[in-house]
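Listed below are the residues making up each chain.
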Amino acid sequence: MSILIRGGTVVTAEAEYQADVLIEGETIAAVGPDLQAPQGARVIDATGKYIIPGGIDPHTHFELPFMGTVASEDFFTGTSAAAAGGTTMCIDFVIPSPQQSMMEAYKNWMGWAEKAACDYSFHVAVTWWDDSVKQDMHTLATEHGVNSFKHFMAYKNAIMCDDETLVNSFKTAKELGALCTIHAENGELVHVLQQEIFDKGITGPEGHPLSRPPEVEGEAANRAIRIAEVLGVPVYLVHTSCIDALESVTRARLEGQRVYAEVLAQHLVIDDSVYRNTDWDTAAHYVMSPPFRAKEHQAALWKGLQAGMIQTTATDHCCFCSPQKQAGKDDFRKIPNGTAGVEDRLAVLWHHGVRTGKLTPSEFVAATSSNAAKIFNIFPKKGALMAGSDADVVVWDPNKTRTISVDTHHQNIDFNIYEGMEVTGNPAITISRGLVVWENDTLKTVRGRGQYVDRPCNAEFWSSQRKRNEAAEPTKVDRSSGEPA
Ligand code: URP
Ligand code: ZN
Ligand code: ZN
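Computed from a prediction, not measured in an experiment: that's the story for all the values here.

Undergrad: How would you sum up the overall build of the chain? Please name residues and give values.
TA: Along its length, the chain carries 15 helices and 21 strands. Against the 2.2 N^0.38 benchmark of 23 Å for 485 residues, the chain shows a C-alpha radius of gyration of 22 Å, consistent with a compact globule. With respect to the three principal axes, the spread of C-alpha positions in the chain is 80 × 60 × 45 Å. Considering only contacts in the chain between residues 6 or more positions apart, those separated by 24 or more positions represent 76%. Of the roughly 17,800 Å² of accessible surface on the chain, a fraction of 50% belongs to carbon and sulfur atoms. Separation of charge centres in the chain, based on 43 positive and 62 negative side chains, amounts to 2 Å.

Undergrad: An account of the site of ligand 1 is requested, with residue identities and associated values reported.
TA: Neighbouring residues of ligand 1: His-59, His-61, Phe-152, Tyr-155, His-183, His-239, Met-288, Ser-289, Asp-316, Cys-318, Asn-337 and Gly-338. Side-chain polar atom of Tyr-155 to an oxygen atom of ligand 1: 2.6 Å apart, as the coordinates give it. Asn-337 places a main-chain nitrogen or oxygen 3.0 Å from a nitrogen atom of ligand 1. Starting from 260 Å² of accessible surface for ligand 1 in isolation, the protein chains cover 99%. Its residues assigned to classes, the shell around ligand 1 shows four nonpolar, seven polar and one charged.

Undergrad: So, the sheet that holds strand 15 (residues 235-237): which residues are in play, and what are the values?
TA: Spatial ordering of the open sheet is given by 8-11-12-13-14-15-16-17, a layout of eight strands whose pairing is parallel. The sheet is open, and its two borders are formed by strand 8 (55-60) and strand 17 (312-314), each paired with just one other strand. Neighbour-to-neighbour, the strand axes of this sheet turn through a mean angle of 30°, independent of strand direction. Here strand 11 (residues 87-94) pairs with strand 12 (residues 119-125) via six bridges, running parallel. By the bridge assignment, Val-94 is partnered in strand 12 with Val-124. Contacts from helix 13 (residues 345-354) reach strand 8, strand 11 and strand 17 within the one sheet, and its direction differs from that of strand 8 by about 115°.

Undergrad: Describe the pattern of salt bridges, with residues and values.
TA: Evaluated as defined, the whole model comprises 24 salt bridges. Residues Arg-433 and Glu-26 are paired through a salt bridge, measuring 3.1 Å at the closest nitrogen-oxygen approach. Taken together, the residues Arg-433 in the loop between strand 19 (422-432) and strand 20 (435-439) and Glu-26 in the loop between strand 4 (20-24) and strand 5 (27-32) connect sequence positions 407 residues apart. Given a relative accessible area of 37%, Glu-26 falls into the partly exposed group. Note that Asp-392 and Lys-382 form a salt bridge whose closest N and O atoms lie 2.7 Å from each other. Within this pair, whereas Asp-392 is found in the loop between helix 14 (361-375) and strand 18 (393-403), its partner Lys-382 is found in the loop between helix 14 and strand 18, the two being separated by ten residues in sequence. The pair Asp-392 / Lys-382 is uniform in exposure class, with both members buried. Members of the salt-bridge network, linked through shared partners, are Glu-26, Asp-119, Lys-381, Lys-382, Asp-390, Asp-392, Arg-433 and Arg-449.

Undergrad: I'd like to hear about the packing of helix 2 (residues 102-112) against helix 3 (residues 131-143), residue by residue, with values.
TA: For any two helices packed against each other, one specifies the inter-axial angle together with the distance between the axes. Orientation of helix 2 relative to helix 3, taken along the N-to-C sense of each, is 45°, at an axis distance of 9 Å. By the criterion of interaxial angle, the relationship of helix 2 to helix 3 is oblique. When helix 2 is examined against helix 3, the residues Met-102, Met-103 and Tyr-106 are found in contact with a partner set consisting of Val-133, Asp-136, Met-137, Thr-139 and Leu-140. Of the residues contributing to the contact of helix 2 with helix 3, the split by class is six nonpolar, one polar and one charged.

Undergrad: Pulling in residues and values, what's your account of unusual backbone geometry?
TA: At the junction of Ser-289 and Pro-290, the peptide bond is cis and its omega measures out at -5° in the coordinates. On the secondary structure map, Pro-290 appears in the loop between helix 10 (280-284) and helix 11 (295-306). Here Met-67, not a glycine, exhibits a phi torsion of approximately 50°, which is positive. Taking relative accessible area as the criterion, Met-67 reaches 32% and is therefore assigned partly exposed. At Tyr-155, a position not held by glycine, the phi torsion is positive, near 70°. As for its placement among the helices and strands, Tyr-155 is situated in the loop between strand 13 (148-152) and helix 4 (163-176).

Undergrad: Any details on the environment of Cys-318? Residues and values, ideally.
TA: Within the secondary structure, Cys-318 sits in the loop between strand 17 and helix 12 (322-325). Taking the C-alpha atoms as reference points, Cys-318 and Thr-181, 137 residues apart in sequence, are found 18 Å from one another. Once you skip the residues sitting within four places of it in the chain, Cys-318 turns out to touch His-61, Leu-64, Ala-71, Asn-337, Gly-338, Thr-339 and Ala-340.

The rules behind each value
Residues numbered from 1 in each chain as written. Chains lettered and ligands numbered in written order. Predicted model: local features only at pLDDT ≥ 70, side-chain atom pairs only at ≥ 80, totals over all residues. Heavy atoms only, no water. Helix = DSSP H or I, 4+ residues; strand = E, 2+ residues; numbered from the N terminus. Rg over C-alpha atoms; globule rule 2.2 N^0.38 Å. Contact = heavy atoms within 4.5 Å. Areas by Shrake-Rupley, 256 points an atom, 1.4 Å probe, with all protein chains shown as cover. Lys, Arg positive; Asp, Glu negative; His and termini not counted. Charge placed at Lys NZ, Arg CZ, Asp CG, Glu CD. Near = heavy atom within 4 Å. Polar contact = N/O pair within 3.5 Å; in protein donor to acceptor, adjacent residues only side chain to side chain. Nonpolar A, V, L, I, M, F, W, Y, C, P; charged D, E, K, R; others polar. Pairing = 2+ DSSP bridges. Axes fitted to C-alpha atoms, helices over the stretch in contact; angles between N-to-C directions. Salt bridge = Lys/Arg side-chain N within 4 Å of Asp/Glu carboxyl O. Buried < 20%, exposed > 50% of the residue type's maximum accessible area, 1.4 Å probe, protein only. Parallel < 35°, antiparallel > 145°, perpendicular 65-115°, else oblique.

Here you go:
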């Protein structure tokens, strides 16, 4: 099946220009002026619209077993909701339980993901350490296309990594040319603060942000970055939510260290007043980690994105319905952590970013798609509109307005954190590897059509990581002379 998208404005991370896009089968065949429609091709008129690469959400958790329950969104419903919002690829997380074999966990997630409607890939979490984990990192990187490993510095007594594990894993990632990704919160501090706050009688959702202040994130972010600096590995901070963490990223980048940062759409536009909602259920729906922050952090995050200190946007889509949140009715520490938004990221970013002049359309494409493809080494297969790229394409209508609501969203959750927000700029048509999966406000996704995307390691690129002390080769000293031995 061929599709010719005619008359639109192509927007990539690099440029914005008038061109047609020809899709043959699952790939883009040509991008250029006045392309001819092959016999039998479907012709889409994109006059007045933008043609952009499908969004890549580098941080989702479909059907994640977590905090005694399982996230309600599965790989089919999740990738379908993503498509409704213009996202055509998600990078989800394999998270082994402590002592569980990494390969076993990876196989579980691969099985669950078989129902995905759009393409996907996996970061794999390092949640404990021994030689088998090291071996499995090698196997995943060399045989299964995994080039990123996740480290949770929070969630003590569950999936938290201590410094020893961080160091072992970072060293292994360096050997492999893989990227280390980080959930930066000091889990020891969170644990202590949670107890203190609970002991003071604060048991509701408002206790959640009190136990995870910005300093807790800033400390962990800086520690991870410094460990990476010493070992000479690149790092990628997921869900950077506050000034404290952003300052560490900024300092390191200005010193030439290869540090990447991701921000969640929700952290850009929602503040911590949500925890003071008089309705427990509503407040509990905003319990995620790191928590929503005071407004000054949002302003800083926008600037970080504009300045290029933050490269990617994500959602950390992790759905828990009201009955699941009820597990923490009497104790905020037991509220399953997670919020949804895979469907709304692009529209929120366009409305609050592009329409306000903070981002150009090209910067929007970079932040929602191309930068993730580049960082996770799948560009230009993904994140690009080039001959040979996968035909993950969105016809974006900058004038289409929608009011976000649980009543109309496609996410499998009974709440929407953006409820009532009017957003202008929405997908008119989403195409996933050549198949129209969203048009006329109707989903046409096909269960199981999504494919696993291999992400090769890049040892050459990562090994160019600058190390502050790299010029100084370790030298033994001759004690009699004080000179190099
Ligand atoms: O609260 C969150 N973010 N839940 C999902 C797990 C994680 O930390 O990313
Ligand atoms: Zn996290
Ligand atoms: Zn997450």
